[in-house]
Amino acid sequence: MSTQPKVRTCLWFDKNGKEAADFYISLLPDSYIESAFTPDQAGPPLIVEFMLAGAPYMILNGGPMFKHTPAASISVLTKDQEETDRLWDALVADGGKESMCAWVADRFGVSWQIIPERLPQLLQADDKAAAGRAREAMMKMQKIDIATLEAAFNR
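Residues numbered from 1 in each chain as written. Predicted model: local features only at pLDDT ≥ 70, side-chain atom pairs only at ≥ 80, totals over all residues. Heavy atoms only, no water.

Enquirer: Can you tell me about the nonpolar core, naming the residues and giving the values?
Expert: Counting residues in hydrophobic clusters, the biggest one holds 24 residues, and the most contacted among them are Tyr24, Phe50 and Trp112. Broken down by secondary-structure element, the contributors of at least two residues to this core are β1 (9–13), α1 (17–27), β3 (47–52), β4 (55–61), β5 (73–78), α2 (81–92) and β8 (111–116). Top contributing element to this core by residue count: α1, with six residues. For Phe50, the contacting residues outside a window of four places in its chain are Arg8, Ala21, Tyr24, Ile25, Tyr32, Ile33, Glu34, Ala55, Pro56, Tyr57, Met58 and Ile59. The next biggest cluster of nonpolar side chains, apart from the first, holds 15 residues, and it includes Ala130, Ala137, Ile144 and Leu149. (Core = buried A, V, L, I, M, F, W, Y, C linked by side-chain atoms within 4.5 Å. Buried < 20%, exposed > 50% of the residue type's maximum accessible area, 1.4 Å probe, protein only. Helix = DSSP H or I, 4+ residues; strand = E, 2+ residues; numbered from the N terminus. Contact = heavy atoms within 4.5 Å.)

Enquirer: Can you lay out the pattern of salt bridges for me, pointing to particular residues and giving the numbers?
Expert: For the structure shown, the criterion picks out eight salt bridges. Linking Asp22 and Lys18 is a salt bridge whose minimum nitrogen-to-oxygen distance equals 2.9 Å. In this pair, Asp22 and Lys18 are both assigned in helix α1, four residues apart and thus about one turn of the helix distant. The shortest N-O distance in the salt bridge between Lys143 and Asp85 comes to 3.1 Å. Here Lys143, found in the loop between α4 (128–139) and α5 (146–154), pairs with Asp85, found in helix α2; they are 58 residues apart in sequence, far enough to count as distant. When its relative accessible area of 23% is taken as the criterion, Asp85 is described as partly exposed. Taken together, the salt bridges that share partners define one network made up of Arg8, Glu34 and Glu49. (Salt bridge = Lys/Arg side-chain N within 4 Å of Asp/Glu carboxyl O.)

Enquirer: Mind laying out α5, listing which residues take part and the relevant values?
Expert: Residues of α5 that are buried: Ile146, Leu149, Ala152 and Phe153. Buried residues of α5, viewed axially, fall in a sector of 125°; they line one side. Pointing more than 90 degrees away from the buried face of α5 are the exposed residues Ala147 and Asn154. Looking at the buried positions of α5, the neighbouring elements they touch are α2, β8, α3 (118–123) and α4. (Arc of directions from axis to C-beta.)

Enquirer: Residues and numbers for the sheet that holds β3, please.
Expert: Taken in spatial order, the four strands line up as β1-β4-β3-β2 in an open sheet, and their pairing is mixed. Here the strands that pair on one side only, and so sit at the sheet edges, are β1 and β2 (32–37). Taking each pair of neighbouring strands and ignoring which way they run, the sheet shows an average axis angle of 20°. Sheet strands touched by α1: β1, β2, β3 and β4. Its angle to β3, the strand with the most contacts, is close to 10°. (Pairing = 2+ DSSP bridges. Axes fitted to C-alpha atoms, helices over the stretch in contact; angles between N-to-C directions.)

Written out as structure tokens, the structure reads:
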């Protein structure tokens, strides 16, 4: 019986995929490199397989013909503001780019959503007026600020 996951998300990189994988696994617990296939010992690995917080990923260093786009992103549910801040700050460091409503692109151009677990709870609350106020507050944010969401919700 194979221990390999049947399904894996593949991210296309030009040539620095191993560097990206090393960075990604440093961000989240239960993350590690599984394997790196390097057919040309003078070049970077062609394929890097890794686990990111228990989810299987693969990076293919396939060349410059495809670029990353926000149409696909890595979504991380964070437990609190401290984890949200830590991940956000790491992703914007060294050339990452902040976007709106919890979206950020890392220095490699991969889009992420850093979502505090409290955000969907507030947005899906039975009190629709309070949920709407939280949504309006979120729409003005880049990195999500839980205290500001709570204040808008409870207003």
